[in-house]
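# Remarks on the overall topology
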Amino acid sequence: MDSIVVTGGQRLNGTIPISGAKNATLPLMIASLLTSEPVIFENVPDLADVNSLIRILTNHGVDYRVEGKRRGQQDLTGRTIHFSAEEIADTTAPYELVAKMRASFWVIGPLLARMHEAKVSLPGGCAIGTRPVDLFIASLEAMGAEITVEGGYVIASAKGGLKGAIYEFPKVSVGATHVAMMAATLAKGKTVLKNAAREPEVVDLATCLISMGANISGVGTSTITIEGVENLHGCRHRVLPDRIETGTYAMAVAMTGGDVLLKGAQPGLLQEVLDVLERVGVTIEPVNDGIRVSRNGAALKPVDIATDPFPGFPTDLQAQFMALMTRADGVSNIQETIFENRFMHVQELARLGAKIALDGQHAEVTGVAELTGAQVMATDLRASVSLVIAGLAAEGKTTVSRVYHLDRGFEHLEEKLSNCGALIERVSG
Ligand code: EPZ
């Protein structure tokens, strides 16, 4: 199994290109199941999760083709991939494929909408909480689906097709919003989704669905209205930049000091995070082609945060922010409100010398003058990268094992950081 070895103490200076968002790419790829025509995505990141989803889609009969590089195209920029679900060969998504990644469960929406049936294994994914699927089931049932759970599979059918409905989510869920919105595009009549997720990735999916001929309004608000249409057609869509990758590298620069242009990043996608970083003492400057992040030698100020659905502070940046706060000059409080088990990085950060007291969903972080390198283990995607960030600022060598978690969601991590002066390498075996 590969490890990443970081030798801390280098400031970061230069440019980091921001990739297409993993969490937009996955639902977009799944939306290709809704039409028999080709759907083309630009700026697709080269990630293990994208490749896993390709395997799932091909199992349903989807053809795909990665476009060759164009002349002058630089490395570290996204790929263009064509998906064509001319015929759906199989409406079953088996355990072996779905168990690896929670988002693969989301195929249930398009399969049910287009084929009126789906049999999808209950999902797996990062171990950050129980992560049930009750909201998916309830919203699809509201649209007339008949659903049973048998032998680890969710079996759904909608004879004669889904019907428009009014459904209010009892809790904000990104995945359930993606699925209900996709399902409703081909339902008969009007669907109104209340208390829907407002995440930029939901907006990106809706923008693509609209280009495919869907009739959707209210996107980016908590009430989304969808008028079902007979058919959707193909389109070409560029995946939006990854706000979590942007925030992660901004925190890395905050941690080490230096001056980095996050190229292609869009400030509006993570305004709350940028505001928090400014309070910490980081200089954030939106520029034409991205966001410039810098910090001179000034101390990091402690800031309290609580994670929240968009536009609040994202849970996917909580671990990275905790790493940053381990070096702050004082005590900060971090409250996790989305997932019940997303503090697995705490014990690993402690190996580097961090002082963190955990109480349920709340962590109290007391900044220390210095972190020292150690051997640590990646436990989930965002926790892993928080260890890399901490390692960049620690004295000596930090070895992060189980790097496959990082490969799920960070494209060319070592290259991007080492191009800015970090001492970071991947060691095989
Ligand atoms: C998406 O997961 C993201 N994944 C997650 O990113 C992200 O952490 C999360 O949204 C929250 O922003 C992708 O986009 C692929 P939810 P999702 O449904 O959709 C509960 C990463 O690191 N819930 O919004 O699975 C659930 O348990 C990943 O990139 C139910 O109770 O998250 C959680 O407490 C990790 N019943 C809350 O809702 C349900 O049926 C929010 O989860 C569904 C969800």
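In the vicinity of the ligand, 24 residues are found, and the nearest of them are Asp 134, Ser 173, Asp 316, Ile 338 and Arg 382. Measuring from an oxygen atom of the ligand, one finds a backbone N or O atom of Gly 175 at 2.8 Å. Measuring from an oxygen atom of the ligand, one finds a backbone N or O atom of Ile 338 at 2.6 Å. Alone, the ligand offers 820 Å² of accessible surface; in the complex the protein occludes 92% of this. Sorting the residues of the shell around the ligand by element identifies α1 (22–31), α5 (134–142), α6 (174–185) and α12 (381–393) as the ones contributing at least two each.

For α6, spanning 12 residues, the distance from its first C-alpha to its last is 17 Å, which sits close to the expected 16 Å at 1.5 Å a residue. In terms of burial, α6 is a largely internal element, 11 of the 12 residues being buried. Capping of α6 at its N-terminal end is provided by Ser 173; its side-chain oxygen lies 3.0 Å from the backbone amide nitrogen of Ala 176.

Under the domain assignment, the chain is made up of domain 1 (3–19 + 241–427) and domain 2 (22–238). Between the C-alpha centres of domain 1 and domain 2 there is a distance of 30 Å. At the interface, 26 residues of domain 1 touch 24 residues of domain 2. Of the roughly 2200 Å² buried where domain 1 meets domain 2, counting both sides, 54% is carbon and sulfur surface. Of all residues in domain 1, Phe 310, Arg 408 and Glu 411 give up the largest surface area on contact with domain 2, accounting jointly for 31% of the area buried on that side. One can count two salt bridges joining domain 1 with domain 2. Residue Asp 49 pairs with Arg 408 through a salt bridge whose shortest N-O separation is 2.8 Å. Put simply, domain 1 and domain 2 have six residue pairs in polar contact (both at pLDDT 80 or more) between them. Elements that contribute at least two residues to the side of domain 1 that touches domain 2 include exactly α12, α13 (404–409) and α14 (413–418). The element best represented in the side of domain 1 that touches domain 2 is α13, accounting for three residues. A class-by-class count of the residues in the side of domain 1 that touches domain 2 yields nine nonpolar, five polar and 12 charged.

Turning our attention to the packing of aromatic side chains. Applying the stated criterion across every chain, the model contains five aromatic pairs. Aromatic pair Phe 105 and Phe 136: ring centres 5.4 Å apart, planes at 90°, arrangement edge-to-face. Remark: Phe 136 occurs in helix α5 and Phe 105 occurs in the loop between α3 (95–98) and α4 (108–115); sequence separation between them is 31 residues. Considered together, Phe 105 and Phe 136 belong to a single accessibility category, that of buried residues. Between Tyr 167 and Phe 169, the ring centres sit 5.0 Å apart and the planes meet at 85°, which makes this aromatic pair edge-to-face. Of the two residues examined, Tyr 167 and Phe 169, each falls in the buried class. Joined through ring pairs, the aromatic side chains of Phe 41, Tyr 64 and Phe 83 make up one cluster. Directly above the aromatic system of Tyr 153 lies the positively charged group of Lys 119, at a separation of 4.9 Å from the ring centroid.

As a further point, take the pattern of salt bridges. Taken as a whole and assessed by the stated rule, the structure comprises 15 salt bridges. Between Glu 201 and Arg 243 there is a salt bridge, with the nearest N and O atoms lying 2.8 Å from each other. With Glu 201 in helix α7 (residues 200–211) and Arg 243 in helix α8 (residues 243–256), this pair connects stretches of sequence that are 42 residues apart. When its relative accessible area of 9% is taken as the criterion, Arg 243 is described as buried. Asp 316 is the salt-bridge partner of Arg 342, the closest N and O atoms lying 2.7 Å from each other. Within this pair, whereas Arg 342 is found in the loop between β19 (331–335) and α11 (345–351), its partner Asp 316 is found in the loop between β18 (305–306) and α10 (318–325), the two being separated by 26 residues in sequence. Members of the salt-bridge network, linked through shared partners, are Asp 2, Asp 407, Glu 414 and Arg 426.

Here is what the cut-offs are and how they apply
Residues numbered from 1 in each chain as written. Predicted model: local features only at pLDDT ≥ 70, side-chain atom pairs only at ≥ 80, totals over all residues. Heavy atoms only, no water. Near = heavy atom within 4 Å. Polar contact = N/O pair within 3.5 Å; in protein donor to acceptor, adjacent residues only side chain to side chain. Areas by Shrake-Rupley, 256 points an atom, 1.4 Å probe, with all protein chains shown as cover. Helix = DSSP H or I, 4+ residues; strand = E, 2+ residues; numbered from the N terminus. Expected span 1.5 Å × (residues − 1). Buried < 20%, exposed > 50% of the residue type's maximum accessible area, 1.4 Å probe, protein only. Domains from an automatic or database assignment. Contact = heavy atoms within 4.5 Å. Buried area = accessible area lost by both parts, 1.4 Å probe. Salt bridge = Lys/Arg side-chain N within 4 Å of Asp/Glu carboxyl O. Nonpolar A, V, L, I, M, F, W, Y, C, P; charged D, E, K, R; others polar. Phe/Tyr/Trp six-rings, centres within 6.5 Å; stacked < 30°, edge-to-face > 60°. Lys NZ or Arg CZ within 6 Å of the ring centre and 35° of its normal.

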